[in-house]
Amino acid sequence: MRRLRQLAERTPAARERYVDLLRALAITMVVLGHWGVTVIGYDRNGRPAGHSALGDLPWAWPLTWVAQVIPVFFLVGGYANAASLAARRGRGGTATGWLVDRSARLARPTTALLVVLAAGAAVATLRGADPTQVRTVVWFATIPLWFLVAYLVVVPLTPPMYALHRRFGLAVPLVLVALVALGDLGRLLGPAGLASGNYLFGWLAVHQLGFAWYDSRAPARSDGEAAGPVAPEPRGLRRRRLPLSRRAGAALLGGGLAALLLLTVVGPYPVVLLNVPGERLDNAAPPSLALLAAATAQLGLILLLREPAQRWLRRPRPWQAVIAVNAVVLTVFLWHLTAAVLLVGLLDALGVLPTPPVGTAAWYAWRVPWLLSLAVVLAALVAVFGPIEARTRRAPDTGPAREGARRLRTALAVLGYAGLVTGLLLNSLTRKAAPEPLGLPAPALVAYLAGAGVLRLLRSGWGSRG
């Protein structure tokens, strides 16, 4: 508590605390949403199995317009990435140094999850467990990693995309939205492969709005990590900044909701913004126009609530709570489904695992003790693994390097990120029932650890001097 008070007291007065609150709230909503809609039963082999209840609860589909908060992650990620990149350059650092430093907060807690899951799976396999069942359990625990695949692609694109934002402003996300529309046209009319780019274009569009939010607060800015000189803005950029007024928020909320209603109720898009088997397309994988309309409405609501939220966050206790959550926010996200796996396994082993049918009074009644029990298990996991994230420190800025060394570091940094993305993507694309003794495909684990190792080597300062 003392350290939290110290961190809160050292927070610069002009920091956009609302961004930190949104990150914490989004994580909380994802965790509670996944836990709340999880249905546990037994498969035909008598083993516990889980799936989403959304397919059986169509009345809840409009609730996903609020519960689908992945766009909020990319919005606040864009703000944070722009802030930290500007600060790094303000201290005389480079984009490559920023990229290497940014990788630590993402890779360290993720590496801990993968290594622990692989080790646990190896032990289970050696003790005679079915590799297919081992893979199924690990597959479920690693569902959160699909988000990191997209985010780990967006992060290294931040320097060039931020340069485009500084030059063209809000025209950049508008072009990206047009590309998403073209991809959706391919999904609806063919060829379906035209939509593959939406995985990148959709999330980049929201990420760019985070840049606009950050630049909207210039030049009077003192965001701690974001402190430092603000780059000169190109002519005409000021009028392309993101408007932060309540009037703008109301316009975005109304326009986003109107577009979402037209696209889903009248148009060809499903109402649900999360994956439901049997629907004509998935609004989130890849991002669709309907998801971007929902993101627009969410941004409007965020702007409407910004001023009262900022006033509330001036109070010591709320701000300390936000700091505490953000210190372990990725750990909470990464381990929340592992908590579910552990709780289900424990209750099954004790012979007391409830499996009421979806939508019954017993199922709804079980939600409360289910959520409370999961919170206890997750709290224990965060107590063990949270320090790995919380103790991550920014690497010191290195001095000027020779041109050859600088280019080598840049190439290795990109290669490191490519290894992380390749490993996580291979895991996501591998079948849930594949016979994997380590729970994870061996090539995926090797690619990820190799990428993490390269970035760790660069973070230690290797090659910073020619």
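Residues numbered from 1 in each chain as written. Predicted model: local features only at pLDDT ≥ 70, side-chain atom pairs only at ≥ 80, totals over all residues. Heavy atoms only, no water.

**Student:** Tell me what's going on with the packing of aromatic side chains, and back it up with residues and numbers.
**Tutor:** Inspection of the entire model under this criterion finds 14 aromatic pairs. Seen from their ring centres, Tyr 18 and Trp 213 are 6.3 Å apart, and the 65° between their planes marks the pair as edge-to-face. Highlighted residues: Tyr 18 in helix H2 (residues 17–37) and Trp 213 in helix H10 (residues 198–216), separated in sequence by 195 residues. With respect to class, Tyr 18 is no different from Trp 213; both count as buried. A connected cluster of aromatic rings, assembled from ring pairs, spans Phe 73, Phe 74, Phe 147, Tyr 151, Trp 203 and Phe 333. When the ring centre of Phe 168 is taken as reference, the NZ or CZ atom of Arg 167 above it lies at 5.0 Å. Directly above the aromatic system of Trp 139 lies the positively charged group of Lys 432, at a separation of 5.1 Å from the ring centroid. (Phe/Tyr/Trp six-rings, centres within 6.5 Å; stacked < 30°, edge-to-face > 60°. Helix = DSSP H or I, 4+ residues; strand = E, 2+ residues; numbered from the N terminus. Buried < 20%, exposed > 50% of the residue type's maximum accessible area, 1.4 Å probe, protein only. Lys NZ or Arg CZ within 6 Å of the ring centre and 35° of its normal.)

**Student:** I'd like a description of the pattern of salt bridges, backed by residues and values.
**Tutor:** As a working rule, side chains carrying opposite charge can pair if their charged atoms are close by. Counted by the stated rule, this structure contains 9 salt bridges. Among the ionic pairs, Arg 88 bridges to Asp 101, the shortest N-O distance being 3.6 Å. Residue Arg 88 is located in helix H4 (residues 70–90), and its partner Asp 101 is located in helix H5 (residues 95–126); the two are separated by 13 residues in the primary sequence. Ionic pairing is found between Arg 459 and Asp 101, a salt bridge with its closest N-O pair at 2.6 Å. On the criterion of sequence distance, the pair formed by Arg 459 in helix H17 (residues 442–459) and Asp 101 in helix H5 is long-range, its members being 358 residues apart. One salt-bridge network, in which partners are shared between bridges, spans Arg 15, Asp 20 and Arg 23. (Salt bridge = Lys/Arg side-chain N within 4 Å of Asp/Glu carboxyl O.)

**Student:** Kindly report on the nonpolar core, identifying the contributing residues and their values.
**Tutor:** One finds Phe 74, Leu 148 and Trp 213 to be the most contacted residues of the largest nonpolar core, which totals 113 residues. Residues contacting Phe 74, with those up to four places away along its chain left out, are Phe 147, Ala 150, Tyr 151, Val 154, Trp 203, Val 206 and His 207. In terms of nonpolar packing, the next biggest core, distinct from the first, is built from 9 residues, Ala 53, Leu 57, Val 272 and Val 276 among them. (Core = buried A, V, L, I, M, F, W, Y, C linked by side-chain atoms within 4.5 Å. Contact = heavy atoms within 4.5 Å.)

**Student:** Can you lay out the packing of helix H8 (residues 158–168) against H10 for me, pointing to particular residues and giving the numbers?
**Tutor:** Between H8 and H10, whose axes approach to 10 Å, the crossing angle comes to 60°. Considering their axes alone, H8 and H10 lie oblique with respect to each other. The hand of the H8/H10 crossing is right-handed. Contacts between H8 and H10 involve Thr 158, Met 161, Tyr 162, His 165 and Arg 166 from the former and Leu 204, His 207, Gln 208, Phe 211, Ala 212, Tyr 214 and Asp 215 from the latter. Residues that form the contact of H8 with H10 fall into these classes: 6 nonpolar, 4 polar and 2 charged. (Axes fitted to C-alpha atoms, helices over the stretch in contact; angles between N-to-C directions. Parallel < 35°, antiparallel > 145°, perpendicular 65-115°, else oblique. Left-handed = near helix turned anticlockwise from the far one by under 90°. Nonpolar A, V, L, I, M, F, W, Y, C, P; charged D, E, K, R; others polar.)

**Student:** Residues and numbers for the side chain of Thr 64, please.
**Tutor:** On the secondary structure map, Thr 64 appears in helix H3 (residues 64–67). Residue Thr 64 is classed as buried on the basis of its relative accessible area of 2%. A distance of 2.5 Å separates a polar atom in the side chain of Thr 64 from the backbone oxygen of Trp 61. Apart from residues no more than four positions distant in its own chain, Thr 64 is found in contact with Leu 54, Val 271, Val 272, Leu 273 and Leu 274. (Polar contact = N/O pair within 3.5 Å; in protein donor to acceptor, adjacent residues only side chain to side chain.)

**Student:** Before we move on, could you go through helix H14 (residues 329–350) and cite the residues and values that matter?
**Tutor:** With 22 residues, H14 ought to run about 32 Å at 1.5 Å a step, and its terminal C-alpha atoms sit 31 Å apart, in line with that. Along H14, the sharpest change in direction is near 40° and occurs at Trp 335. Looking one or two residues beyond H14, the residue adopting positive phi is Gly 351, at roughly 75°. (Expected span 1.5 Å × (residues − 1). Bend = angle between axes of the 7 residues up to and from the residue.)

**Student:** How would you summarise helix H11 (residues 246–266) if you had to cite specific residues and measurements?
**Tutor:** End to end, H11 covers 29 Å across 21 residues, agreeing with the expected 30 Å (1.5 Å per residue, within 8%). Residues of H11 that are buried include every one of Ala 248, Gly 249, Gly 256, Leu 260 and Thr 264, and no others. Along the axis of H11, the buried positions cluster into a sector of 100°, meaning they face one direction only. Facing away from the buried side of H11 by more than 90 degrees, the exposed set consists of Arg 247, Ala 251, Leu 262, Val 265 and Val 266. Here the buried face of H11 lies against H3 and helix H12 (289–312). (Arc of directions from axis to C-beta.)

**Student:** Now, about the pairing of strand S1 (residues 38–42): what can you tell me, with residues and values included?
**Tutor:** The buried fraction of S1 amounts to 4 of the 5 residues, a majority that puts the element mostly inside the structure. In the sheet, S1 pairs with strand S2 (residues 48–52) via 5 bridges, with the strands oriented antiparallel. Each bridged residue has a counterpart across the sheet, and for Thr 38 the counterpart in S2 is Ser 52. (Pairing = 2+ DSSP bridges.)

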